[in-house]
Each structure stands twice: as C-alpha cells, then as structure tokens.
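The lines below spell out each chain.
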Amino acid sequence: MDIHLTNVSKTYGRRRALDPVSLNAGHGVLGLLGPNGAGKTTLLRIMATVIAPTAGQVRLLGHDCALPAGRAAIRRRLGYVPQECGFPAGFTGFEYVDYVAILKEWADRRTRHDEVRRVLAVMGLTDVAGRRIRRLSGGMRRRLVIAQALLGDPALLVLDEPTVGLDPEQRLRFRDTVSGLAEGRSVVVSTHQTEDVVALCPRVVVLHEGGIRYDGSPSGLAAMADGRVWTAADRDPGAVLAWRSEGGGLRQIGVPPAGAEPVPPSLEDGYLLLVGGTGERQEVPA
Amino acid sequence: MIAWHADAQLLAAYADGLLDLARTTSVEQHLLGCGTCRATVAAVADRPLLDRVWAETLDVLDRPPVSAAERILTAVGLAPSAARLASKASSAQRAWLWSCALLAAFAIAAPRTEGWVIMWFLVLAPLVPVIGVALAYGPDTDPMHEVVAAAPYSRLRLILLRSLLVIPVTGALVLVTGLTVPGGPTMSALWLLPGLALSAMTLALEARLGALPVAAALSLAWIVFAVGARVGTGTVMTAYGPAVQLVCLTTLVAVAAFAAYGRHQAGRSS
C-alpha cells in the first residue's frame, strides 16, 4: 500500500477542516469527490507533505511523514499539482519547469533539460515552452503545473483539481495521460467533475464536511440513487434536488411520489443525493 | 523549378562530411532550393549523428539565459543550479532592495548634525537582514510556494541561497554607516551583530510559525527595545552596548548549535 492514513485530522485554530480520516490505497487512480470546503484540499496537501496533520499517522510510499528524513524520501518520488499555483514573474514555461526540476534535485543540466523537454512534450507544450508564462492561456498554465508534477516519473501523484481551466478536448487528453500513468503507480485526483471520475477512477471517495461519506466503486455510488431518481413535469415535494434534463421535464432526486417512474441513476445522481441529502455516512452497497 | 539534381554519390559524400568547403557550400546552396535532393540526403544521412546534432541544437535553443547575478555566483564557486535558485529574486525581494536603497540614501543625504536621522537609521538597520531573510521563503512571498514545499530540496539551504542577496546589501549599509555615524567605521558595524542574531532567530523559528510573522514580531520587539533605550538613556547607542552584543553573539551560537544538532538527528533517523 502506497498510501496509508490512520485517523488523520486537521484543525485550523478552532475550525476543524478534516475529521479523523483513515484511508489506504495502492496502485491505480483514486478519485476524490466533494463540494467546496469538504476538506479535499486539506487532505491532498497532507498527502503532498505540504502541511502536517493535527493528529493521526501518515505513511506514504513506505515512509513516515512525521520524520524529516521520511518527508524527504517521499518528496523525491512525489508529483504534486496544487489547486492554486502562482508563477514567478518573467519566467518562461521552460524556465518554470526547469526551476522545479532543480528543486527536485536534478543538478546536472543536460539530463535535467532532457527531462524538462520530456514532460513538456507529454503535456503538449513543446511549441510554447519558450513563451513567457503571462502570455500563456489558462489551460496552458494548468498543463505547465501538471508537467512539473511528472518530472522524474514519480511513484505517487497528488492532483488537486487538475482539470479546472482545461477545455473539453484538453480534459479528454489529460484523462488519457493519467490513465496511462496509473500503471504501476498511485494517483490521487480530486475533482468537481463526476465525468472525470467515471472515466478515470476504479475507486472513488466522497468527502463531505470534513469526513468520508462514501468509499467504493463509481457504479456503487450511482447505485445509491437506485429508485430515487425520476422525471416529472413539475417539482415534486419529495425532491431534494431537481434540474431541467435534456428530454424536457425535471430530473429529480430524493423520495419519489407514488406512481413516479424511476430512471437509471448516474454517478452524479448518487453523489448529489449523498452531499445534498441527509449527510450521514452511507455504507457501500454490497 | 530546378531541373538539375545532384547525383547520389555526391550527396552521399556530402552526408558523410567528405566534401571540401567549396563543394559543401555548393551542395548546401542547392539543397536549400531542391526538395528532391533533400529527400535523397535524408535517406543516406547518418542517423546517430543527426540525432546528436538535433539534441545539441535543442539544448542550445532551450537553455534559459544566464543572468549577471548567476554568473557572479557561479564565479564565486556556487553550482550553476544553486546559482539559479539564488538569483531569481521575487517581487517582494525587489521591493525590499528598493527600501534598503532608500534607507541608505536617507542616511547619506541627512546632515550629520541631525541626531534623529542617525537614531532612526541605527534602529532600522538591523532589520535589513531580518526582512531580507524573511522574504526568501513562504506562502506570503513566493507565488509557487505550494510546489516548492512539496519538493525534496532542503528548506534551509533554499532559504539561505535565496537570502544570499542579504550579504552585499548588508555590506553596503555597513559602508554607509561608516560614512554617516559619528564615531567612524568601528561604530558603524555595531548593528551588524544584532541584525545577524535577529536573522538567525527568524531562520530558527520560521518552520514553526512562518517567516513573515516571526520577522514582524522580532522587528517590533527590536524597535521597542531600541527606542526604549533612546528614551531611557538619552542615546540609541545603549541598544548597542557590550551586554547586548554579548547576548546577540550567544543567540547566534545557540541557533547554529541547535541547527547542527537538528541536522545530525535528521541524518541519524534516515
């Protein structure tokens, strides 16, 4: 198991950002879903060794995060895409990735530059690498941050909403890249996009109000909304959420009225029911 | 439209680099305008050689320009990669540089008889290295801090590299004080030790409390102390007395010993 969290919690002053969370994960892509403020970023920053948990034990890639030597060992094999990331003024894309490569202890210039070129090519940025970052589009900047995370072929990839700012085609290509990377390494990716989870993750964890509300397969999450999704012309009183669907009429989730015809649920239905509904932890359906 | 083509033998000799300068130039001139012959050359070209040339070309094209600061740092013995980390000043550090220049200009321009100018100079000068160090690292001043914090590069080493700028700036200020403070060069370096001690404390505490809060608290404490000394004894020089210098020296040694011990422990646990 590459990721081993035991009762990890985080408190900022009096505010609890993360309730005690235990999570184990091995190779493959683990999707982290949750609304804003659910604690996703806090959890990922702990996994990226950027912040220390208030309590609990974090073991990553076989090393203890509490020890300086353990953190250094983890960071040597870690790639991290933060949710928000600035750039130093005046840098080109190449200089930015090169700067991070130095921080990742690539001292020799030739091998370092070869590696920088490689990750830029993986993210399709070769042609714009010499441009100043402030002249790049939002999607290109996001890809630049992803590119630096791929330096040195890390064993653990922590991606905090990597697809924000990418257009549909770039998102598709990103999913392709990540699925390719998942072979033989651990990837944790947080997202708002349920389609990202469906396309990428064999396992999904839903985080809500600082705690884990679901941990299982995407189909299991969808199945939680079995018999609780229906369409009707007007909003029914039992609906937790209702929105206009493609076929006309309102797609609703919640407690259907008598006589309503349930429709097959999607992952999004299950997720919305979970975070928009009761808020209690739901067990994975067998 | 080019009707004539170079024969295969000539092109093969060209690709192998066997032609003399005049004929090489002629063939190259022809190749520029003739797609057919370019294709012939490509087919017989030495693949490994071509790859090597291409790699060299890319390397030269991509290589980020080396700044003057980087050149100086490399010349004094820093590895090129370390020089790169040290030479990229953040916008916050540039602002700090400007305020240091302002402070120096202020001290030079002020008439020597104006006691309050010298007093404020002496109160503020020790804060120059402290703030220089505090701006080198952390989420408040480094836009890419999240990425930096997740990288294996030693935090202390990075802060020290990025604070290298503090040395020439502090040196320049010592020079300025030598010219302005009544009492000459020996008096002028008195603020150096308090400045270093406060910087060392910032380094020691930043990991726990954040560089900027620590620097701000220490700076405030120092200002209160120095102004208090001026009010209490009539001269700011009391804040630079032998007892204070001794305390500063002890602090410096203690922080250095603590850091060395921490490194030793970290080395043992790995």
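Per-chain numbering applies: the sequence of each chain, read as written, is numbered from 1 onward. The lettering of chains begins at A and the numbering of ligands begins at 1, in the order of writing. In keeping with the model being predicted, local features are shown solely for residues with a pLDDT of at least 70 and side-chain atom pairs are shown and tallied solely at 80 or more, while totals for entire chains, interfaces and linings include all residues. Values reported for side chains reflect all heavy atoms of the structure, with hydrogen atoms and water molecules removed beforehand.

A. Representation of the overall build of chain A within the structure. The helix count covers DSSP runs of H or I at least four residues long, the strand count covers runs of E at least two residues long, and both are numbered beginning at the N terminus. The helix and strand inventory of chain A stands at nine helices and 13 strands. Dimensions of chain A along its principal axes, counting C-alpha atoms only, are 70 × 40 × 35 Å. Relative accessible area decides the class of each residue, using a 1.4 Å probe on protein chains only: under 20% of the type maximum gives buried, over 50% gives exposed, and in between gives partly exposed. Counting every position in chain A, which comprises 286 residues, the buried fraction comes to 54%. In this description, contact between two residues means that some pair of their heavy atoms is separated by no more than 4.5 Å. Once local pairs closer than 6 in sequence are excluded, the contacts in chain A between residues at least 24 apart make up 64%. Here chain A has roughly 12,400 Å² of accessible surface; of this, 49% comes from carbon and sulfur atoms. Two residue types count as positive, namely Lys and Arg, and two as negative, namely Asp and Glu; His and chain ends fall outside the count. Taken as the charge centre is NZ of Lys, CZ of Arg, CG of Asp or CD of Glu, depending on the residue. Distance from the positive charge centre (35 side chains) to the negative charge centre (31 side chains) of chain A: 9 Å. Every accessible area reported is derived by Shrake-Rupley at a probe size of 1.4 Å, with residue values counting cover from the shown protein chains alone.

B. Seen up close, helix α4 (residues 109-122) of chain A. The length a helix should cover is 1.5 Å for every residue beyond the first. With 14 residues, α4 of chain A extends 20 Å from end C-alpha to end C-alpha; this agrees with the ideal 20 Å at 1.5 Å per step. Listed in full, the buried residues belonging to α4 of chain A are Arg112, His113, Glu115, Val116, Arg117, Val119 and Leu120 of chain A. Each element contacted by the buried residues of α4 of chain A is listed here: α3 (93-103) and α5 (138-149) of chain A together with α4 (47-62) and α6 (80-87) of chain B.

C. Structural view of the domain arrangement of chain A. Where each domain starts and ends comes from a domain assignment, either automatic or drawn from a database. The domain architecture assigned to chain A consists of domain 1 (1-77 + 154-214), domain 2 (86-151) and domain 3 (221-283). For domain 2 of chain A and domain 3 of chain A, the distance between their C-alpha centres works out to 44 Å.

D. Inspection of the sheet that holds strand β4 (residues 55-60) of chain A at higher detail. Residues and elements named next belong to chain A. Strands pair, by our definition, only if DSSP identifies at least two bridges between them. The strand order across the open sheet formed by four strands is β2-β1-β4-β5, and the pairing between neighbours is antiparallel. In this open sheet, the two strands that pair with only one neighbour each are β2 (15-25) and β5 (63-64). Of the strand pairs in this sheet, strand β1 (residues 3-12) and β4 are connected by five bridges, and their pairing is antiparallel. If you follow Thr6 over to β4, its bridge partner there is Gln57.

E. The state of the cysteines, seen in detail. Residue and element names in this part refer to chain B. The disulfide definition used here is simple: a pair of cysteine sulfur atoms within 2.5 Å. Under the definition given, this model contains zero disulfides over all chains. The thiol of Cys100 is unpaired, and the distance to the nearest cysteine sulfur, on Cys248, comes to 19 Å. Classification of Cys100 as buried rests on a relative accessible area of 6%.

F. Representation of the pattern of salt bridges in the model. For this analysis, a salt bridge means a side-chain nitrogen from Lys or Arg found within 4 Å of a carboxyl oxygen belonging to Asp or Glu. For the coordinates displayed, the defined rule picks out 20 salt bridges over all chains. Across the salt bridge formed by Asp98 of chain A and Arg112 of chain A, the nearest N and O atoms sit 2.6 Å from each other. With Asp98 of chain A in helix α3 and Arg112 of chain A in helix α4, this residue pair connects regions lying 14 residues apart in the sequence. Exposure remark for Asp98 of chain A: the relative accessible area of 1% places this residue in the buried category. A residue is classified by how much of its surface remains accessible, and Arg112 of chain A, at 5% relative accessible area, is buried. Notably, a salt bridge pairs Arg175 of chain A with Asp196 of chain A, separated by 2.9 Å at the nearest N-O pair. You can see Arg175 of chain A sitting in helix α6 (residues 168-181) and its partner Asp196 of chain A sitting in helix α7 (residues 194-200), a full 21 residues away along the chain. Of the two residues, Arg175 of chain A and Asp196 of chain A, both sit in the buried class. The structure contains a network of salt bridges with shared partners spanning Arg109 and Arg110 of chain A together with Glu56, Asp59 and Arg63 of chain B.

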